[in-house]
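Observations on the three-dimensional arrangement
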4 protein chains.
Amino acid sequence: MAVADHISAAVDTGKLRPGSRLPPERELAESYGVSYMTVRRAMKELRERGVVVSVHGKGTFIAEPSGD
Amino acid sequence: MAVADHISAAVDTGKLRPGSRLPPERELAESYGVSYMTVRRAMKELRERGVVVSVHGKGTFIAEPSGD
Amino acid sequence: MAVADHISAAVDTGKLRPGSRLPPERELAESYGVSYMTVRRAMKELRERGVVVSVHGKGTFIAEPSGD
Amino acid sequence: MAVADHISAAVDTGKLRPGSRLPPERELAESYGVSYMTVRRAMKELRERGVVVSVHGKGTFIAEPSGD
DNA sequence: GTGGTCTAGACCACA
DNA sequence: GTGGTCTAGACCACG
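Taking an unreviewed UniProt entry as the reference, chain A is identified by name as Winged helix-turn-helix transcriptional regulator belonging to Nocardiopsis coralli.

Of regular secondary structure, chain A possesses 3 helices and 2 strands. Along its sequence from the N terminus, chain A presents helices and strands in the succession α-α-α-β-β. Relative to the globule expectation of 11 Å for 68 residues, the C-alpha radius of gyration of chain A, 11 Å, shows essentially globular dimensions. Along the first, second and third principal axes, the C-alpha atoms of chain A reach 35 × 25 × 20 Å. In chain A, once contacts between residues fewer than 6 apart in sequence are set aside, the share between residues at least 24 apart is 53%. Within the structure as shown, chain A displays about 4,600 Å² of accessible surface, and the carbon and sulfur contribution to it stands at 52%. When the 10 positive and 9 negative side-chain charges of chain A are each reduced to one mean point, those points stand 5 Å apart.

Turning our eyes to something else, we now look at the protein's contact with DNA strand E. Taken together, the neighbourhood of DNA strand E is formed by 43 residues, with Lys58 of chain A, Met37 and Arg40 of chain B, Thr38 of chain C together with Arg40 of chain D sitting nearest. When the atoms of DNA strand E within 4 Å of the protein are sorted by group, sugar and phosphate make up 55%. Arginine 26 of chain B places a side-chain nitrogen or oxygen 2.6 Å from a base oxygen of DNA strand E. Within the side chain of arginine 26 of chain C, an N or O atom sits 3.5 Å from a base nitrogen of DNA strand E. Residue composition of the surface near DNA strand E, grouped by class: 13 nonpolar, 16 polar and 14 charged.

A few words now on a positive patch on the surface. On the surface, a cluster of positive charge is made up of Arg41 and Lys44 of chain B together with Arg41 and Lys44 of chain C. Breaking the positive patch down by element, the ones donating at least two residues are α3 (36-49) of chain B together with α3 (36-49) of chain C. Note that arginine 41 of chain B resides in helix α3. Among the residues examined, arginine 41 of chain B registers a relative accessible area of 47% and is labelled partly exposed.

Before going further, it helps to spend a moment on the protein's contact with DNA strand F. Surrounding DNA strand F, one finds 44 residues, the nearest of these being Arg40 of chain A, Thr38 of chain B, Met37 and Arg40 of chain C together with Lys58 of chain D. Of the residues in the surface near DNA strand F, the class split is 13 nonpolar, 16 polar and 15 charged.

As a further point, take the side chain of glutamate 25 of chain B. Residue and element names in this part refer to chain B. Position of glutamate 25 among the secondary structure elements: in helix α2 (residues 25-32). Classification of glutamate 25 as buried rests on a relative accessible area of 14%. In this structure the side chain of glutamate 25 is engaged in a polar contact, spanning 3.0 Å, whose partner is the side chain of tyrosine 36. In this structure, glutamate 25 is in contact with Tyr36, Val39, Arg40, Met43 and Thr60, ignoring residues within four places of it in sequence.

As enumerated under the stated definition, the model contains 0 aromatic pairs over all chains in all. A cation over a ring is seen here: arginine 26 of chain B above tyrosine 36 of chain B, with NZ or CZ 4.5 Å from the ring centre.

Attention now goes to the packing of helix α1 (residues 2-12) of chain B against α3 of chain B. Residues and elements named next belong to chain B. Interaxial distance between α1 and α3 falls to 8 Å at its minimum, and their mutual angle equals 45 degrees. Compared by their axis directions, α1 and α3 come out oblique. Considering the relative orientation of α1 and α3, their crossing is right-handed. From α1, Val3, Ala4, Asp5, Ile7 and Ser8 reach across to α3, where they touch Ala42, Met43, Glu45, Leu46 and Arg49.

Here the focus is the UniProt feature "domain: HTH gntR-type" (unreviewed entry) in chain A. Under the local residue numbering, the UniProt record ascribes the feature "domain: HTH gntR-type" (unreviewed entry) to residues 1-65 of chain A. In residues 1-65 of chain A, the share of helix is 51% and the share of strand is 12%. The end C-alpha atoms are 22 Å apart.

Quick look at the pairing of strand β2 (residues 59-62) of chain A now. Residues and elements named next belong to chain A. In this structure, strand β1 (residues 52-55) lies alongside β2, joined through 4 bridges in antiparallel fashion. Note that in β2 the partner of serine 54 across the bridge is threonine 60. Two successive antiparallel strands, β1 and β2, enclose a turn made up of 3 residues, where glycine 57 displays a positive phi of approximately 80 degrees.

Cut-off values and rules
Residues numbered from 1 in each chain as written. Chains lettered and ligands numbered in written order. Predicted model: local features only at pLDDT ≥ 70, side-chain atom pairs only at ≥ 80, totals over all residues. Heavy atoms only, no water. Helix = DSSP H or I, 4+ residues; strand = E, 2+ residues; numbered from the N terminus. Rg over C-alpha atoms; globule rule 2.2 N^0.38 Å. Contact = heavy atoms within 4.5 Å. Areas by Shrake-Rupley, 256 points an atom, 1.4 Å probe, with all protein chains shown as cover. Lys, Arg positive; Asp, Glu negative; His and termini not counted. Charge placed at Lys NZ, Arg CZ, Asp CG, Glu CD. Near = heavy atom within 4 Å. Polar contact = N/O pair within 3.5 Å; in protein donor to acceptor, adjacent residues only side chain to side chain. Nonpolar A, V, L, I, M, F, W, Y, C, P; charged D, E, K, R; others polar. Patch = residues over 30% accessible without salt bridge, like charges linked within 9 Å, V, L, I, M, F, W, Y side chains within 5 Å. Salt bridge = Lys/Arg side-chain N within 4 Å of Asp/Glu carboxyl O. Buried < 20%, exposed > 50% of the residue type's maximum accessible area, 1.4 Å probe, protein only. Phe/Tyr/Trp six-rings, centres within 6.5 Å; stacked < 30°, edge-to-face > 60°. Lys NZ or Arg CZ within 6 Å of the ring centre and 35° of its normal. Axes fitted to C-alpha atoms, helices over the stretch in contact; angles between N-to-C directions. Parallel < 35°, antiparallel > 145°, perpendicular 65-115°, else oblique. Left-handed = near helix turned anticlockwise from the far one by under 90°. UniProt positions renumbered as here; feature names shortened; annotations may be inferred. Pairing = 2+ DSSP bridges.

Quick look at the structure:
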């Protein structure tokens, strides 16, 4: 999944650091040139992978590394 | 409530006809110069008055007159 | 709705008695760990259910049972 | 009026510049050690004097000098 | 890509 | 010093 992989890679390479907030989902949709639904699916996948944590009404944040 | 009354008046004068779809709530917010939440309240009021019907994921439509 | 249900239950079990005043909405927001607007919605719901009565400038009170 | 005069003086001496936002009214009440109502009265006076402009939901701002 | 719920916090109306 | 309305903008649920 392009969006999820792109963000995941940015986390791996340190471009996105734990605790930092991602751009809003609607903005991501626009900047990636994909639909909002596609971004939502990508975020869901990243949450399930433990890469990000979403907080309703606040934003989506890069997760703290658990114990990897 | 300015937004609700304005839309209600447009329905009364026939500018908005039963079955027609309103612009998206976010667009209404921008065009009326109010915040999204204010539009949400206005839509809620119009729904309770029976002026419009909202369909999740599809849009908000001018209601058919009930028993006029 | 968590806040509304919690208060409603406290009324049902007699922990909150008719006529008693709820804590201020801002305090409820803090103690429930939700935003002020969420408490406002909950209070609106409770008012519509007839569980509480709000008096502008004075507070929100547990309603007297109507015809129980 | 102590609060109004204090803020007005801060504007005159340039400590508060046109366009800058005042602290929230509740915060002003606390920092001046007065009641919220007292701050509201002070703000009203400052608005009438043309010293500040309040915007609902956004804040209270030091007014631009008109044509003095 | 819409409507729906939420965070966070501002000023307003009232007694 | 309370309840009430608003700004600004986030994520969520649904087709």
